[in-house]
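Residue strings, one per chain:
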Amino acid sequence: MSIATYPSTRDSGILWLGDVPSHWEVRPLKHLISLRSGGTPSKARDDFWEGSVPWASAKDLKSARLSDTADHLTDLAIAEGGVELNPTGSILILVRGMMLARAFPVVETLVPMAINQDLKAVNPKPGMTSSFLAWTLRGTARESLDRCSEAGHGTKALRMEDWLTMPFPAPPSEEQVSIAAFLDRETGKIDALIEEQRCLIALLKEKRQAVVSHGVTKGLNPDAPVKDSGIEWLGDIPAHWEARKLTAVARLESGHTPSRQRPEYWVEEDCVIPWFTLADVNQLRSGRFPRISGTTQRISELGMANSAARLLPAGTVILSRTASVGFSGIAEIDLAVSQDFAAWVCEGRLNAAFLLIVLQAMRPEFARLMMGSTHQTIYMPDIEAFKIPLPPEAEQAQIIDHVATALTSIDALTDACEAAIGLLHERRAALISAAVTGKIDVRESAKILQFPIDRARARRFVATEIIERLAHQTTFGRTKLQKVAYLAEAHANITELAGCYLRMPYGPLDQPMMDEIEAAGGDTGILVDDKHDGTMVRYRPTGKKGEHAADLRKWLGEERFNKLDHLIMALSDLKTHAAEAIATLYAVWNDALIEGKSFTDEEIISAFFGWHPKKGDNFRADELPHWLDWMRRHGIIPTGSGPKTISKMGALL
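The rules behind the values
All residue numbers refer to positions counted from 1 along the written sequence of the respective chain. Totals for whole chains, interfaces and linings use every residue, but because this is a predicted model, local features are given only for residues with pLDDT of at least 70 and side-chain atom pairs only at 80 or more, for both listing and counting. Calculation of side-chain values draws on the structure's entire complement of heavy atoms; hydrogens and water are dropped beforehand. Think of it this way: any DSSP run of H or I at least four residues long counts as a helix, any run of E at least two long counts as a strand, and we number them from the N terminus. Residue exposure (1.4 Å probe, protein chains only): buried if accessible area is under 20% of the type maximum, exposed if over 50%, otherwise partly exposed. Contacts are residue-level and defined by heavy atoms, with any inter-residue pair within 4.5 Å sufficient. In these tables, accessible area is a Shrake-Rupley quantity obtained with a 1.4 Å probe, and a residue counts as shielded only by the protein chains included in the view. Only residues above 30% relative accessible area that lack a salt bridge enter a patch, with like-charged residues linked at up to 9 Å and the nonpolar side chains Val, Leu, Ile, Met, Phe, Trp and Tyr linked at up to 5 Å. The working definition used for a salt bridge is a side-chain nitrogen of Lys or Arg within 4 Å of a carboxyl oxygen of Asp or Glu. Two residue types count as positive, namely Lys and Arg, and two as negative, namely Asp and Glu; His and chain ends fall outside the count. Taken as the charge centre is NZ of Lys, CZ of Arg, CG of Asp or CD of Glu, depending on the residue. Multiplying one less than the number of residues by 1.5 Å gives the expected span of a helix. Pairs of N or O atoms are called polar contacts if they sit within 3.5 Å, as long as, within protein, a hydrogen donor faces a hydrogen acceptor (for residues adjacent in sequence, only side-chain-to-side-chain pairs). Definition of nonpolar core: a set of buried residues of the types Ala, Val, Leu, Ile, Met, Phe, Trp, Tyr and Cys, connected through side-chain atoms within 4.5 Å. Every axis corresponds to a line fitted to the C-alpha atoms, with the helix fit spanning only the stretch in contact, and the corresponding angles, defined between N-to-C directions, vary from 0 to 180 degrees. Orientation labels follow simple angle bins: below 35 degrees gives roughly parallel, above 145 gives roughly antiparallel, 65 to 115 gives roughly perpendicular, and whatever is left gives oblique. Each crossing gets its handedness from the near helix: less than a right angle anticlockwise from the far helix is left-handed, clockwise is right-handed. Under the convention adopted here, Pro, Cys and the residues Ala, Val, Leu, Ile, Met, Phe, Trp and Tyr are nonpolar, Asp, Glu, Lys and Arg are charged, and Gly plus all remaining residues are polar. Working definition: a ring pair exists when centres of Phe, Tyr or Trp rings (six-membered ring for Trp) sit within 6.5 Å. Plane angles under 30 degrees give stacked, over 60 give edge-to-face, the rest tilted. We call a charge positioned above a ring when the Lys NZ or Arg CZ atom is no farther than 6 Å from the ring centre and deviates by at most 35 degrees from the ring normal. Following DSSP output, two strands are said to pair if at least two bridges run between them.

1. Focus on the overall build of the chain
1) Next: Along its length, the chain carries 20 helices and 32 strands.
2) Next: Considering only C-alpha atoms, the chain reaches an extent of 80 × 75 × 55 Å along its principal axes.
3) Next: Per-residue burial over the chain gives 50% buried out of 653 residues.
4) Next: Considering only residue pairs separated by 6 or more positions, the chain has 72% of its internal contacts joining residues 24 or more positions apart.
5) Next: Entry remark: accessible area of the chain is about 29900 Å², with carbon and sulfur atoms responsible for 52%.

2. Here's the deal with the side chain of Ser 144
1) Next: Among the secondary structure elements, Ser 144 is positioned in helix α3 (residues 141–145).
2) Next: Those residues in contact with Ser 144 that lie beyond four places of it in its chain are Phe 104, Leu 158, Trp 163 and Met 166.

3. Some words on a negative patch on the surface
1) Next: On the surface, Glu 268, Glu 269, Asp 270 and Glu 301 cluster together into a negatively charged patch.
2) Next: When you line up the elements, Glu 269 lands in the loop between β19 (250–254) and β20 (271–276).
3) Next: When its relative accessible area of 63% is taken as the criterion, Glu 269 is described as exposed.

4. Thoughts on helix α5 (residues 173–217)
1) Next: Compared with an ideal rise of 1.5 Å per residue, which puts 45 residues at 66 Å, α5 spans 64 Å between its outermost C-alpha atoms and is within 8% of the ideal.
2) Next: Where α5 terminates, the next one or two residues include Gly 219, which has phi positive at roughly 80°.

5. Describing the environment of Ser 42
1) Next: By secondary structure assignment, the location of Ser 42 is in the loop between β4 (33–37) and β5 (49–56).
2) Next: With relative accessibility at 33%, the residue Ser 42 sits in the partly exposed group.
3) Next: Taking C-alpha positions, Ser 42 is 6.8 Å from Gly 81, a pair spaced 39 residues apart along the chain.
4) Next: Residues contacting Ser 42, with those up to four places away along its chain left out, are Phe 48 and Trp 49.
5) Next: Reaching out from Ser 42, the side chain makes a polar contact with the backbone nitrogen of Ala 44 at a distance of 3.1 Å.

6. A short note on the pattern of salt bridges
1) Next: Across all of its chains, the model carries 38 salt bridges by this definition.
2) Next: Close ionic contact of Glu 347 with Arg 251 constitutes a salt bridge, the shortest N to O distance being 3.7 Å. With a gap of 96 residues between them, Glu 347 in the loop between β26 (341–346) and α7 (352–361) and Arg 251 in strand β19 connect regions that are remote in the sequence.
3) Next: Of the residues examined, Glu 347 reaches a relative accessible area of 41% and is grouped as partly exposed.
4) Next: Where Arg 469 meets Glu 465, a salt bridge forms, and the shortest distance between an N and an O atom there is 3.3 Å. Separated by 4 residues within a single helix, Arg 469 and Glu 465 lie in helix α12 (residues 455–470), roughly one turn from each other.
5) Next: The class for Arg 469 is partly exposed, based on a relative accessible area of 23%.

7. Examining unusual backbone geometry
1) Next: Positive phi outside glycine occurs at Phe 289, with the angle close to 50°.
2) Next: Along the polypeptide, Phe 289 turns up in the loop between β20 and β21 (291–292).

8. Considering the nonpolar core
1) Next: Counting residues in each nonpolar core, the largest one holds 97 residues, and the members touching the most others are Leu 92, Trp 163 and Trp 344.
2) Next: The element contributing the most residues to this core is helix α10 (residues 393–436), with 13 residues.
3) Next: Once residues within four sequence positions are removed from consideration, Leu 92 is found in contact with Ala 56, Leu 61, Leu 66, Pro 105, Val 106, Val 107, Thr 109, Met 113, Ile 115, Leu 119, Lys 120 and Ala 121.

9. Focus on the side chain of Glu 253
1) Next: For Glu 253, the position within the fold is in strand β19.
2) Next: When its relative accessible area of 5% is taken as the criterion, Glu 253 is described as buried.
3) Next: Of the polar contacts made by the side chain of Glu 253, one reaches the side chain of Arg 251; its length is 2.7 Å.
4) Next: Of the polar contacts made by the side chain of Glu 253, one reaches the side chain of Arg 310; its length is 2.7 Å.

10. A closer look at the packing of helix α2 (residues 130–139) against α5
1) Next: Look at α2 against α5: their axes get within 8 Å of each other, and the N-to-C directions meet at 60°. Overall, the two elements α2 and α5 adopt an arrangement that is oblique. Seen from above, α2 lies across α5 with left-handed handedness. When α2 is examined against α5, the residues Ser 131, Phe 132 and Trp 135 are found in contact with a partner set consisting of Gln 176, Ile 179, Ala 180, Leu 183, Asp 184 and Thr 187.
2) Next: Of the residues in the contact of α2 with α5, the class split is 5 nonpolar, 3 polar and 1 charged.

11. Considering the packing of aromatic side chains
1) Next: For the structure shown, the criterion picks out 14 aromatic pairs.
2) Next: Taken together, a centroid distance of 5.0 Å and an interplanar angle of 80° make the contact between Tyr 486 and Tyr 501 edge-to-face. Residue Tyr 486 is found in helix α13 (residues 478–490), and its partner Tyr 501 is found in the loop between α13 and β28 (502–504); the two are separated by 15 residues along the sequence. We note that Tyr 486, like Tyr 501, is buried.
3) Next: Among the aromatic residues, those joined into a ring-pair cluster are Trp 344, Phe 366 and Phe 386.
4) Next: Of note, Lys 43 hangs over the ring of Trp 49, and the distance from its end group to the ring centre comes to 4.0 Å.
5) Next: Positioned over the ring face of Trp 135 is Arg 138, at 4.8 Å from the centre of the ring.

12. Re the pairing of β20
1) Next: Counted residue by residue, β20 has 5 buried out of 6 residues, so it is predominantly covered.
2) Next: The sheet contact formed by β20 and strand β22 (residues 297–300) spans 4 bridges and is antiparallel. Paired with Trp 275 across the two strands is Gln 297, which belongs to β22.

13. A word on the sheet that holds strand β32 (residues 646–647)
1) Next: Read from one edge of the open sheet, 3 strands run β29-β28-β32, paired in mixed fashion. Strand pairing shows two members of the sheet lacking a second neighbour, β29 (507–509) and β32, which therefore form its edges.
2) Next: Pairing geometry for β28 and β29, over 3 bridges, is antiparallel. When the sheet's bridge partners are listed, Met 504 is paired in β29 with Gly 507.
3) Next: The strands touched by helix α16 (residues 576–594) are β28 and β29; relative to β29, the strand with the most contacts, the crossing angle is about 80°.

14. Concerning the sheet that holds β26
1) Next: Taking strand neighbours across the sheet as the criterion, the 5 strands line up as β19-β26-β23-β24-β21 in an open arrangement whose pairing is mixed. Each end of this open sheet is capped by a strand with a single partner; those strands are β19 and β21.
2) Next: One ladder, built from 4 bridges, connects strand β23 (residues 317–320) with β26; its direction is antiparallel. Residue pairing in the sheet places Val 317 in a bridge with Trp 344 of β26.
3) Next: α7 rests against β21, β23, β24 (328–331) and β26 of the sheet, and its axis sits at about 165° to β24.

Okay, structure coming up:
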């Protein structure tokens, strides 16, 4: 994208700002904004808490726009608790907290909310628009961070006097609107590309886990006869393999921390023994069969001799069992470990590299075994009970080579996706900075109708069309909206929705998409009726019906508009249960086509029940052929295009 520069500029006299357009002003920030402080109502007053009023703190500042918070106040807290309600459209910034060591969050509120004392609510004075103010605060975040000081224990605090005198660009109001519109559109496109890369990474992680699991549970010969392993997580294994208790083929070790009360154990020059602790767990997080060649800390021979720690030989397989649970690796050096790790010294018939692959295949099992709410742990009795598959030694070596080869290409693709995300983030930051400091002239670009459309606007348009046409149904709510939205992307080819759909109990779900649609409801004339009591979330149009229709048709074009129209009309008389069946059948069928498979109806139905463990609770096998026939009669048949759904477990691993 080529963007013009301003024809006339002048030196701002400010080193970091450089030249600005000749007609722009540069003013101290305090002349352009007003501030409101926050606070915390008394924790001793139960009647101040657990109400319906959002109360924002640092932990809520994770996205550019905020419609709800983790904590809530009552109306009484607003009246008597020493806090005030900030209006919709306020801009929240963090003025004190550890986050300021690395980022300067700028968040626009979509509903009225209160804030705590670590935040400030910023509102523009006349002549400054809220959207331009928010974008410029993001684009000049480095300057804000440079005005932060240490406040003790790693916490940073914004020096308010310095910050309020910071020079701030102030173009004419109409130009502010153009710049904000341009950034809304262009960053939306970039964000959609980032989301696509993240979805691909999730798919690659799922594929990676499948390769690992298949290698150590089924082997390399698909025709080999199988037997029940007797191990729940393992299932059937080749008949010639054994299923053995891990302690029967490897010596289990754990570790310890020498007493910190004995300074003689921690004399620096005596601490020469590598000691693997939670400070080193990042070495294991990649999951790429990590090899441990060094540690952050070391212990002394005296300390080790007077503790339960022991020196373990190179080749020892290590598993984190506390806090960061389930990460594994192989030591390339002799070392000791802390009590947060289990370790196995392989003996006889078990190859250490094969054990490492098995432990990575066991990640879902580790999730089941973890105990504790805040400090999760797999306890040693559970670790002592581990059972694993044990192929012949030669076959272990073949599996190791096969898995390593298969994962090389997957990991290379993952690296490419992560590099692309990094470049997109850099592009996004540079674009924002250039636009709000006058280095590019976006006035003409911003006047162009926003088609091709950005993701956020696409979602609002499509959701509004669906809701306006289906909200009259007594059974229409959040679940059916998501199913129709998925089909709009997958079947009507509205790829601008850019969904990332997880395989959830009620069908394909992109929860962030639903959150975004509902947060923007007020802007699109849609009232979200959510009683937060487990009942159906309903929607009610409040604006003039059909106001968006002309732009929707122009954006989609006749073919896609007609497909969407047909889809909504076909589903309009169906209850949510039927919409769930159709969307899930479509998804499993479409996923198979994407993978190059050709499914029979029986295989589609089998995959339907394999979609999620709870599918069998809601559907009978004998009702699904009816819905497959319905899909064919209505021409809602997948072609292998659109998004591939993601197993939730695979996305998290």
